[in-house]
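# Structural features, examined
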Amino acid sequence: MTVGSGHRCPCSYGTPYRPKLLHPTHDTSSPRCCCRPQFAIHAGCELQPMAAFLGGVVAQEVVKVGGKYTPIPGFLHFNAMETLPAEKATDVEPLGQRYDNLVMVFGKDFVEKLGNLKYFMVGCGALGCEFLKNFAMNGFCVGPQGHLTVTDADRVELSNLARQFLFREDTVSKPKSVSACAKVTEMNPAFKPEALEMFVGEKTEDHFNDDFWTNLDGVCNALDNMEARFYVDKMCVKYSLPLLESGTMGTGGNVDPIVPFKTKTYRDGGDAVEGGGIPMCTLRNFPHLIDHCIEWARDQFEAIFVKPVKRAKVFTEDPAAFIDEIKGKADDANAIATATDDVRMLIKTLNSAQGANLDTCAQLAFDLFHALFRDKIVDLTTVYPKDARVVKDGVDKGPFWSEKKKFPTAAAYDPDNETHWMFMVATTNLIGAMLGVHPAKVQDVDDYLPEYRSQQWINGVVARLTVPEYVKGNVTVEDEEGEEAKGADVNAEEELQTLLAQLEALGSGTFASMEPADFEKDDDFNFHIDFIAAASNMRADNYSIPNTDFSKAKLVAGRIIPAIATTTAAVTGLVMLELFKVVQDKAIESLRTRQIGLSVNTFTSFEADPPIAFRSGERMVKPEVEDVPEDGFDEAGNVKKEYYIKEVKAAYPEGHSVWDKLMIPNDMTVQELVDFFKSEHNLTLSAWGLPKEPQVYPPKASYDASVLPSLEASQGVAFKEIRANPAIANKDNMMVLSMWQKAKKTGEMPQPVKSTLDMKLTELLADKGGVDISGRKLLLVDGMQLTNEDGLDVEYPSVYLKV
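Report follows, based on the coordinates. Just so we're clear, the structure is a prediction, and the values are computed from it rather than from any experiment.

The next subject is the overall build of the protein. Along its length, the protein carries 25 helices and 25 strands. Taken across its 803 residues, the protein has 49% of its residues classed as buried. Considering only residue pairs separated by 6 or more positions, the protein has 71% of its internal contacts joining residues 24 or more positions apart.

As a further point, take the sheet that holds strand S18 (residues 645-651). Strand pairs in the sheet, formed through backbone hydrogen bonds, run parallel or antiparallel to each other. The strand order across the open sheet built from three strands is S17-S18-S24, with neighbouring strands paired in mixed fashion. Unpaired on one side and paired on the other, strand S17 (617-621) and strand S24 (794-795) mark the two borders of the sheet. With two bridges joining them, S18 and S24 adopt parallel strand pairing. Opposite Ala 650, over in S24, you have Val 794 as the bridge partner.

In this section: the packing of aromatic side chains. If you walk through the whole model with that rule in mind, you get 37 aromatic pairs. In this structure an aromatic cluster arises from ring pairing among Trp 296, Phe 301, Phe 305, Phe 366, Phe 369, Phe 373, Tyr 413, Phe 423, Phe 519 and Phe 531. Positioned above the aromatic ring of Phe 230 is the side chain of Arg 267, whose terminal nitrogen or guanidinium carbon lies 3.9 Å from the ring centre.

Attention now moves to the environment of Asp 704. Inspection of the secondary structure puts Asp 704 in the loop between strand S21 (693-697) and helix H23 (715-724). The exposure class assigned to Asp 704 is partly exposed, which follows from its relative accessible area of 30%. Each C-alpha atom, one on Asp 704 and one on Gln 751, is 5.8 Å from the other, the two residues being 47 residues apart in sequence. Not counting chain neighbours up to four residues away, the residues in contact with Asp 704 comprise Met 739, Pro 750 and Pro 752. Side-chain polar atoms of Asp 704 contact the side chain of Ser 706, separated by 2.5 Å.

This brings us to the nonpolar core. Counting residues in hydrophobic clusters, the biggest one holds 83 residues, and the most contacted among them are Leu 350, Phe 373, Met 424, Ile 431, Leu 503, Phe 531 and Ile 532. Take this core: its biggest share by element is twelve residues, from helix H15 (residues 358-383). Filtering out sequence-adjacent residues up to four positions away, Ile 532 remains in contact with Ile 294, Ala 297, Arg 298, Phe 301, Phe 519, Ala 553 and Ala 557. Core analysis: the next-biggest nonpolar cluster, separate from the first, contains 59 residues, Leu 47, Val 57, Tyr 119 and Val 156 among them.

Further remarks concern empty space enclosed by the protein. What the rule picks out here adds up to two cavities of 30 Å³ or more. Breaking the lining of the largest cavity down by element, the ones donating at least two residues are helix H7 (210-214) and helix H8 (226-238). A class-by-class count of the residues in the lining of the largest cavity yields four nonpolar, one polar and four charged. Approximately 30 Å³ is the volume found for the second largest cavity.

The next thing to look at is the packing of H15 against helix H16 (residues 418-434). Two elements in contact, H15 and H16, have axes whose closest approach is 8 Å; the angle formed by their N-to-C orientations is 130°. The angle between H15 and H16 places the two elements in the oblique class. Where H15 crosses over H16, the two elements pack in a sense that is right-handed. Across from Leu 358, Cys 361, Ala 362, Leu 364, Ala 365, Phe 366, Leu 368, Phe 369 and Phe 373 in H15, the residues of H16 making contact are His 420, Phe 423, Met 424, Thr 427, Thr 428, Ile 431 and Gly 432. Looking at side-chain class alone, the contact of H15 with H16 contains twelve nonpolar, four polar and no charged residues.

With twelve residues, helix H6 (residues 176-187) should cover 16 Å at 1.5 Å per step; its first-to-last C-alpha distance of 17 Å lies within 8% of that length. The secondary structure elements touched by the buried residues of H6 are helix H5 (126-137), strand S6 (147-151) and strand S7 (194-196).

Thresholds applied
Position numbers for residues start from 1 in each chain and track the written sequence from start to end. Only residues with pLDDT of at least 70 get local features here, since the model is predicted, and only at 80 or more are side-chain atom pairs given and counted; chain-wide, interface and lining totals rely on the full set of residues. In computing side-chain properties, one takes all heavy atoms of the structure into account and sets aside hydrogens as well as water. Helix numbers and strand numbers start at the N terminus; a helix is a DSSP run of H or I with at least 4 residues, a strand a run of E with at least 2. Here's how the labels work: a residue is buried when its accessible area is under 20% of the maximum for its type, exposed when over 50%, partly exposed in between, all with a 1.4 Å probe on protein chains only. We call two residues in contact when some of their heavy atoms are within 4.5 Å. Pairing between two strands requires that DSSP report at least two bridges joining them. Classification of ring pairs uses Phe, Tyr and Trp, with its six-membered ring standing for Trp, and accepts pairs whose centres are within 6.5 Å; under 30 degrees between planes counts as stacked, over 60 as edge-to-face, and the remaining range as tilted. Placement of a positive charge over a ring is assigned whenever Lys NZ or Arg CZ falls within 6 Å of the ring centre and within 35 degrees of the normal to the ring plane. Within 3.5 Å is the distance limit for a polar contact, defined as a pair of N or O atoms, with the added protein rule that one can donate a hydrogen and the other accept it, and that residues adjacent in sequence qualify only through two side-chain atoms. Residues enter a nonpolar core if they are buried and are Ala, Val, Leu, Ile, Met, Phe, Trp, Tyr or Cys, with the set joined through side-chain atoms within 4.5 Å. Here a cavity denotes grid points, spaced 1 Å and computed from the protein atoms alone, that fit a 1.4 Å probe unable to get out, and a pocket denotes an open set having protein on both sides within 12 Å along at least 5 of 7 lines; residues with an atom within 4 Å of a point are the lining. Grid points are joined across faces, edges and corners, and a volume is the space filled by probe spheres set on the points. Lys, Arg, Asp and Glu make up the charged group, whereas Ala, Val, Leu, Ile, Met, Phe, Trp, Tyr, Cys and Pro make up the nonpolar group; the residues left over, Gly among them, are polar. With axes taken as lines fitted to C-alpha atoms, and helix axes fitted only over the stretch in contact, angles between N-to-C directions fall between 0 and 180 degrees. For this classification, under 35 degrees means roughly parallel, over 145 means roughly antiparallel, 65 to 115 means roughly perpendicular, and everything else is oblique. When the near helix sits turned anticlockwise from the far one by under a right angle, the crossing is termed left-handed; a clockwise turn instead gives a right-handed crossing. To estimate the expected span of a helix, subtract one from its residue number and multiply by 1.5 Å.

Fair warning: the whole summary comes from geometry, so function is off the table for now.
In structure tokens form, the structure reads like this:
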């Protein structure tokens, strides 16, 4: 298991992981030296993971002949002695089979255990092909109880053939998972993985359900984006499964073994931040790189095609409660500005959903074109004209606009500008799918809406649309000192109140069924990346930034991590060594987080980090990115330590980690849940909210027809009576008014509402939480606030309900 050794000895003369140079008189027969028993005894064994790693390294050295990178200057020593069994295996006699090398090192029992594992591999691209080859060569999941499930929704593209070696020209356009599994079975006929063509995420939890996850021994990720990694990591935490995580970027690679209760999770182990660590002020007002524009466009995708639909569903459930919640959160300039944009978009979405057709979808898209690329720019340049200067305490600090604060120019729709009409095509069609005007995109169907993609079609539609009037808006930025600077002469609070009044008027309306978009970067025909690319380039044109193309927009917005063959071979070989340790149930001291750089000859290993333990006391907490001023980030985009917030927290149980769970043993009412926390954990449930019911506990007051004013009264008179009624709490005035409005319109008096205290948890999670509980055995109960006997908010593990 040694590569290129001859000058260093990882024995007791040094340390197992920091070997000293051999002394000329070093005696390898000394009982203090592990060379003979640990190296020589396995010199004749060929372990496939070591061969995969070394193959990647050597292949990169061959590439270096071209002169691009520096070759390894001398000997390379690499060992993984911590992978060996703690006690030498005794059942090591060769069996005359392809796995004899494994048997000679780890023993027959280990090989049988490896064969009977039940694993799940997510992704079947560059990493996935290498993993399948490694699995087949090592007899992974080939036993009578063994099973490997492989899933990937992508199809083979011609460009994949250069680095995903299980694919050939005859597999182009075929499913990756099916093609790779078929090819690797030729290498080992006993290896028969199950190939699926599915994404792994919330939408496929009907297939990848509790039974599926609980039947696994572990998961191996072969993914190229962060969103999917985080989801799989969350599932592994939920079901206490080991996760083999790895990634590559060019000639660099990393390996992260994630083991329940022994190591950090993938999310805890890194500093991945949505938005790439770019300050929100830069994204909002001052982009200077195309990546800023792409990140901004990705945020707009959520703001236009996802959040309004989700908000609309919550709003229609209880308009008064929704409006009250917005009013409660709008407590500073940034919050008011965000709420104003959100409410305005919600109103436009609701209006468009009433009698929606393709023209109304296009009008909303046209309104967005002008709001994003004309109005916002005009607002900003009105407040900060081209000759604006920064003045602090009477001292002129210089021009406001600079190299990293480019002065923008507003857009006007040009039917001959490809970026303009492509934005309209993508946005119109996405709104159409969101509002049910278009059918939903079917996976792997490439001729989706072909008649609605041309310049001629969209400009014909645009000719019928109305150019929206410019409406002055508020501008909120953060200056160099982190202070808020307000712009346009618009009273933001009054504007928000006006919009909320318009929203309230829509509370009694009926709307067509709406579905939020689910961003999918791997489908080139669903208009998602088309929108990102067009919106990015519109933004870039505003700020005179060079444009992007479809491929880069897909790469950045999908957070795809590119790969090359040499790195994937080396990284997957190292992952196999970590897999061997997981199968042997090795302690954390044996697990290795590895980082390699084949171009610069770096091969570093660290003991894996233990899980973060939550303890009571004071701690410094990283703030939300949007709450940090522009100068609060270091050069790497990380929040500076001085901007962290001090919090006093109580932990329960003391020292728990993310791997721990609080289990609710059976379905029960909310009142029984309150009693359960008190009796079993000495904790008080102080608040609980769900997406469709922000106030599950304490329960809302229930009002019936007896508190309603006369239906003959005007709304103004009715509201006065409601406010004067001592039986109605002030905070419930709007809710009762909404009840009165509905009764006046329908003639039906409201019936008493069942108290949430008497509702079962499964009923609440299904009706108010939007959770599909059918066939589920383990339900996450989220959104609760627990306090201890001292009245302190408690940091507690995830709470799960056994069904």
